[in-house]
Amino acid sequence: MRRLNRKKTLNLVKELDAFPKVPESYVETSASGGTVSLIAFTTIAFLTVMEFMVYRDTWMKYEYEVDKDFTSKLRINIDITVAMRCQYVGADVLDLAETMVASADGLIYEPVVFDLSPQQKEWQRMLQLIQSRLQEEHSLQDVIFKSAFKSASTALPPREDNSLQSPDACRIHGHLYVNKVAGNFHITVGKAIPHPRGHAHLAALVSHESYNFSHRIDHLSFGELIPGIINPLDGTEKIASDHNQMFQYFITVVPTKLHTHKISAETHQFSVTERERVINHAAGSHGVSGIFMKYDISSLMVTVTEEHMPFWQFLVRLCGIIGGIFSTTGILHGFGRFVVEVIFCRFRLGSYKSTSVPLPDGHTSNHLPLITDNSTH
């Protein structure tokens, strides 16, 4: 009884087989079928390799939301070299809340030589080349995000020539913590001093002839310092054409959360527009000589996430490629054989000519005569 039940069960399962097997003796192969199969296998192999490359790759997903954090402090990372002696210049921040942040809270004044060494010039040239490519191809920013913490440092390399030239410039570098409101970071003549109505700089003791606000921005960023990230002003160099010249940078800072397979950090991106002019009160061009970076905080926050194709999606796409290629090539091969057979059948039928056979009653028949055994003798 058990054997009978097993046989019935096996027979039932066999009847449900959706993939019946055809005996090999009934299978007919052809040269055209082999050619189509070879093309199909080659196409499948090529598309499988391409799909695997897509599976290994990642992409950046951008999401936008309102930034609700206005109580935390904003970090400004600064590395600027000005072509004036350190005792002649001062840097500080003044925000819209009239809160002054002095440079002594985190900035270092270091006497240096303004002209770069050959290795430093090569570094600056490469950085400026990358900046020009970033302005033309915005998709390269995704590559920079992915390479954060993996690429080489973007900081200016130290001098390798040990120049004996006396320092003629001042490198101002370090970081400051400011309120998360619009503000103005500036470098101008004289050290900053507190004032009941704001702040002032002791510029009266500095001769106008010594004014030279030619400068180089080796690094300027907002938020957490992430190695490998290139910011819009990195590598910028401006040469003053006049002693009394003002350089202005208008910056819009966008809070950014970066989540990649390597890092997870809260930083800030920014866009910038530049303007420079000569101060000439007689000609109506008023202002103060110096370098002014006016920044504003965007109310939107961007979340940048590195995403990867799931493995199950890769398998589904791979099955779709294999099944689609087999089905498509099978349909095309069958259609091609059908067309060829129709054309050849018409050609063969047209090659035969009808013949007339006389009948005993005087009529004629256009059918071909039958060949019998008697007629062959």
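Up top is the structure these notes are about.
For clarity, every value in this text was computed on a predicted model and none was experimentally measured.

(A) Structural context of a nonpolar patch on the surface. The grouping of Phe335, Phe338, Val339, Val340, Val342, Ile343 and Phe344 at the surface amounts to a nonpolar patch, some 660 Å² of accessible area in total. Structurally, Phe335 is set in helix α5 (residues 311-351). We classify Phe335 as exposed; its relative accessible area is 56%.

(B) Structural detail: the environment of Gly228. The residue Gly228 is located in the loop between β10 (215-223) and β11 (236-238) in this model. Sequence spacing of Gly228 and Ala155 is 73 residues, and the spatial spacing of their C-alpha atoms is 9.1 Å.

(C) Fine view of the state of the cysteines. Going through the model one piece at a time under the given rule, you end up with one disulfide. Disulfide pairing places Cys86 opposite Cys170 at an S-S distance of 2.3 Å. Measuring the twist about the S-S bond at about 105°, one finds the Cys86-Cys170 disulfide to be right-handed. Remark: Cys170 occurs in strand β6 (residues 169-179) and Cys86 occurs in the loop between β2 (73-82) and β3 (89-95); sequence separation between them is 84 residues. There is no split in this pair, since Cys86 and Cys170 are both buried.

(D) Up close: the pattern of salt bridges. Per the stated rule, a full pass over the model turns up ten salt bridges. In this structure, Arg125 and Glu122 form a salt bridge, with 2.8 Å as the shortest nitrogen-oxygen distance. Taken together, the residues span about one helical turn, with Arg125 and Glu122 both in helix α3 (residues 118-136) at a distance of three residues. Overall, the relative accessible area of 43% leaves Arg125 in the partly exposed class. The residue Lys238 makes a salt bridge to Glu274 at a minimum N-O spacing of 2.8 Å. Of this pair, Lys238 sits in strand β11 while Glu274 sits in strand β13 (residues 264-278); the two residues are 36 residues apart in sequence, bridging distant segments of the chain. Looking at Glu274, the relative accessible area reads 41%, which means it is partly exposed.

(E) Representation of the pairing of β3. In terms of burial, β3 is largely enclosed, as six of its seven residues are buried. Examined bridge by bridge, β3 and strand β7 (residues 183-189) share seven bridges and lie antiparallel to one another. Bridge pairing links Ala91 to Ile187 in β7. Where β3 and strand β4 (residues 100-102) come together, three bridges link them in antiparallel fashion. Counterpart to Val93 in the pairing with β4 is Val101.

Reading guide: rules and limits
- Residues numbered from 1 in each chain as written.
- Predicted model: local features only at pLDDT ≥ 70, side-chain atom pairs only at ≥ 80, totals over all residues.
- Heavy atoms only, no water.
- Patch = residues over 30% accessible without salt bridge, like charges linked within 9 Å, V, L, I, M, F, W, Y side chains within 5 Å.
- Areas by Shrake-Rupley, 256 points an atom, 1.4 Å probe, with all protein chains shown as cover.
- Salt bridge = Lys/Arg side-chain N within 4 Å of Asp/Glu carboxyl O.
- Helix = DSSP H or I, 4+ residues; strand = E, 2+ residues; numbered from the N terminus.
- Buried < 20%, exposed > 50% of the residue type's maximum accessible area, 1.4 Å probe, protein only.
- Disulfide = S-S within 2.5 Å.
- Pairing = 2+ DSSP bridges.

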